[in-house]
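Structure at a glance
Below, each chain spelled out in residue letters.
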Amino acid sequence: MLNAEIQVAAYFDVFFDADSKSEAQQLHKQLEKALDGGKYLLSMLSEIHQCDYSNCTIDFHLKDVQTDGRYYFSPVDIEIHNKARFNVDDDTDMDDWFYDLDNMSMIESLTYETMPDGCDADFDDVGADIFVD
């Protein structure tokens, strides 16, 4: 049985299919509800890492609607910290267990699926770290 701190982060911009700031703000409200403070990722992370995420802490920031003159968008930062105990075999390579690129793709895919109509995510970075005691 190992004790570990797991940190997962996702940084992305959400672009709104809107012709005005007020339309973008309406989509922003829908987005905020859909992302649920970053909780939308927890069941998938529990499955990927085979540990309980019910007591994790989530640092979630959905910034206000911004414009670059052509598009309306909002940056999103999600950082999840989880202290967990889990069973691994003595010969388990922790890098293989944790840093599987398919897992990072799953985070991106779930985020794309979670986007409300009229919203599109563009990822800047997805990352994960594990610190074993």
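Preceding block: the structure.
These notes cover the structure that comes with them. Everything numeric in this text was worked out from a predicted model, so none of it was measured.

1. Quick look at the overall build of the protein
The number of helices and strands found in the protein is 4 helices and 5 strands. Counted from the first residue to the last, the protein has its helices and strands arranged as β-α-α-β-β-β-α-α-β. Taken over 133 residues, the protein has a buried fraction of 41%. Of the contacts formed within the protein by residues at least 6 apart in sequence, a portion of 73% connects residues at least 24 apart. Carbon and sulfur atoms make up 42% of the accessible area of the protein, which amounts to about 7,800 Å² in all.

2. Notes on a negative patch on the surface
On the surface, Asp 120, Asp 122, Asp 124 and Asp 125 cluster together into a patch of negative charge. Structurally, Asp 120 is set in strand β5 (residues 119-132).

3. Observations regarding the packing of aromatic side chains
Two aromatic rings, taken as a pair, are described by how far apart their centres are and by the angle between their planes. Enumeration over the complete set of coordinates arrives at 4 aromatic pairs. Between Phe 15 and Phe 73, the ring centres sit 5.6 Å apart and the planes meet at 35°, which makes this aromatic pair tilted. Of the two residues, Phe 15 sits in strand β1 (residues 2-16) while Phe 73 sits in strand β4 (residues 72-86), which places them 58 residues apart along the sequence. Phe 15 sits in the partly exposed class, given a relative accessible area of 24%. Judged by its relative accessible area of 14%, Phe 73 falls in the buried class. Seen from their ring centres, Tyr 112 and Phe 123 are 5.6 Å apart, and the 90° between their planes marks the pair as edge-to-face. Here Tyr 112, found in helix α4 (residues 101-114), pairs with Phe 123, found in strand β5; they are 11 residues apart in sequence, far enough to count as distant. Since its relative accessible area comes to 41%, Tyr 112 is described here as partly exposed. Here a set of aromatic residues connected by ring pairs shows up, and it is made of Phe 12, Tyr 112 and Phe 123.

The rules behind the values
- Residues numbered from 1 in each chain as written.
- Predicted model: local features only at pLDDT ≥ 70, side-chain atom pairs only at ≥ 80, totals over all residues.
- Heavy atoms only, no water.
- Helix = DSSP H or I, 4+ residues; strand = E, 2+ residues; numbered from the N terminus.
- Buried < 20%, exposed > 50% of the residue type's maximum accessible area, 1.4 Å probe, protein only.
- Contact = heavy atoms within 4.5 Å.
- Areas by Shrake-Rupley, 256 points an atom, 1.4 Å probe, with all protein chains shown as cover.
- Patch = residues over 30% accessible without salt bridge, like charges linked within 9 Å, V, L, I, M, F, W, Y side chains within 5 Å.
- Salt bridge = Lys/Arg side-chain N within 4 Å of Asp/Glu carboxyl O.
- Lys, Arg positive; Asp, Glu negative; His and termini not counted.
- Charge placed at Lys NZ, Arg CZ, Asp CG, Glu CD.
- Phe/Tyr/Trp six-rings, centres within 6.5 Å; stacked < 30°, edge-to-face > 60°.

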